[in-house]
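# Chain and residue survey
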Amino acid sequence: LPDYSIGRIPVTFRQYMDFLASLEPEEAAARVPRTQLDGPLCRQDDQGNWTPVYEILIEGRLRERYPDPEIVWELPLIAVSWEDAQAWCRWASETSGQELRLPTENEWEKAARGVDGRSFPWGDAYDATFANWQGSRESYSQLEPSGTYPIDCSVYGVFDMCGGTSDWCSGWYKRDQGLRAY
């Protein structure tokens with residue numbers, strides 16, 4: 001692969017809320033992270049700013065570990081469409097002055113698995129406590145702040161590539177079915 005850069009942690013709710021704040025209210029409302037089960041994962045405050053909802057994003061016993069509702073700002077972003085992710089990249093490029101884009105699937109794989117094709121970012125050994133996935137905690141797996149699992153770090157210093165969220169890539173998985181790679 002040619003040289004490229006990739007973020008060390010996934011885009012956070014804080015970064016995406018800054019993007020929403022830059023949009024016209026109608027477009028921002030259309031781009032709010034949402035799931036079919038929970039609906040919008042953010043709500044507007046009295047000033048019209050979007051805020052991630054702690055009660056939806058941090059549930060059950062994990063609230064004992066993260067009792068401060070402000071933790072939601074540091075969670076990796078979820079529940080946005082590929083088009084929303086692309087729009088964030090365009091906005092972040094304009095804001096930072098650097099071209100930012102979704103990685104290709106091959107770029108994502110290299111950042112996660114290194115050039116040696118290891119099974120996991122840290123190597124080939126499996127241990128449920130190394131990343132945010134089923135079995136990593138006594139309670140069911142859910143979002144946690146980026147970098148919570150320091151072993152889930154690739155040889156390139158990229159965190160959270162093995163568990164917790166799915167990441168959009170720029171290409172197609174099955175173009176004929178309209179499926180994007182993530």
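Everything that follows concerns the structure shown earlier in this document.
### Details of the packing of aromatic side chains
What the rule picks out here adds up to 9 aromatic pairs. Measuring from centroid to centroid gives 5.7 Å for phenylalanine 19 and tryptophan 91, while their planes differ by 55°, and the two rings are tilted. One end of the pair, phenylalanine 19, is in helix H1 (residues 13-21); the other, tryptophan 91, is in helix H5 (residues 82-96), and 72 residues separate them in sequence. The class of phenylalanine 19 is buried, set by a relative accessible area of 2%. Tryptophan 91 sits in the buried class, given a relative accessible area of 19%. These aromatic residues form a ring-pair network of at least three members: Phe120, Trp122, Tyr126, Phe130 and Trp133.

### Some thoughts on a nonpolar patch on the surface
Where nonpolar side chains cluster on the molecular surface, the patch consists of Val115, Val155 and Tyr156 and spans about 320 Å² of accessible area. You can see valine 115 is positioned in the loop between helix H6 (105-113) and strand S5 (172-174). A relative accessible area of 70% means that valine 115 is categorised as exposed.

### Digging into the pattern of salt bridges
One pass over the structure, following the stated rule, counts 8 salt bridges. Notably, a salt bridge pairs arginine 14 with glutamate 74, separated by 2.6 Å at the nearest N-O pair. One end of the pair, arginine 14, is in helix H1; the other, glutamate 74, is in the loop between helix H4 (62-65) and H5, and 60 residues separate them in sequence. Arginine 14 gets classed as partly exposed once you look at its relative accessible area, which sits at 37%. Salt-bridge contacts for glutamate 55 lead to arginine 43; the nearest nitrogen and oxygen are separated by 3.9 Å.

What counts and what doesn't
- Residues numbered from 1 in each chain as written.
- Predicted model: local features only at pLDDT ≥ 70, side-chain atom pairs only at ≥ 80, totals over all residues.
- Heavy atoms only, no water.
- Phe/Tyr/Trp six-rings, centres within 6.5 Å; stacked < 30°, edge-to-face > 60°.
- Helix = DSSP H or I, 4+ residues; strand = E, 2+ residues; numbered from the N terminus.
- Buried < 20%, exposed > 50% of the residue type's maximum accessible area, 1.4 Å probe, protein only.
- Patch = residues over 30% accessible without salt bridge, like charges linked within 9 Å, V, L, I, M, F, W, Y side chains within 5 Å.
- Areas by Shrake-Rupley, 256 points an atom, 1.4 Å probe, with all protein chains shown as cover.
- Salt bridge = Lys/Arg side-chain N within 4 Å of Asp/Glu carboxyl O.

Interpretation note: all reported values are geometric properties and have no functional meaning in isolation.
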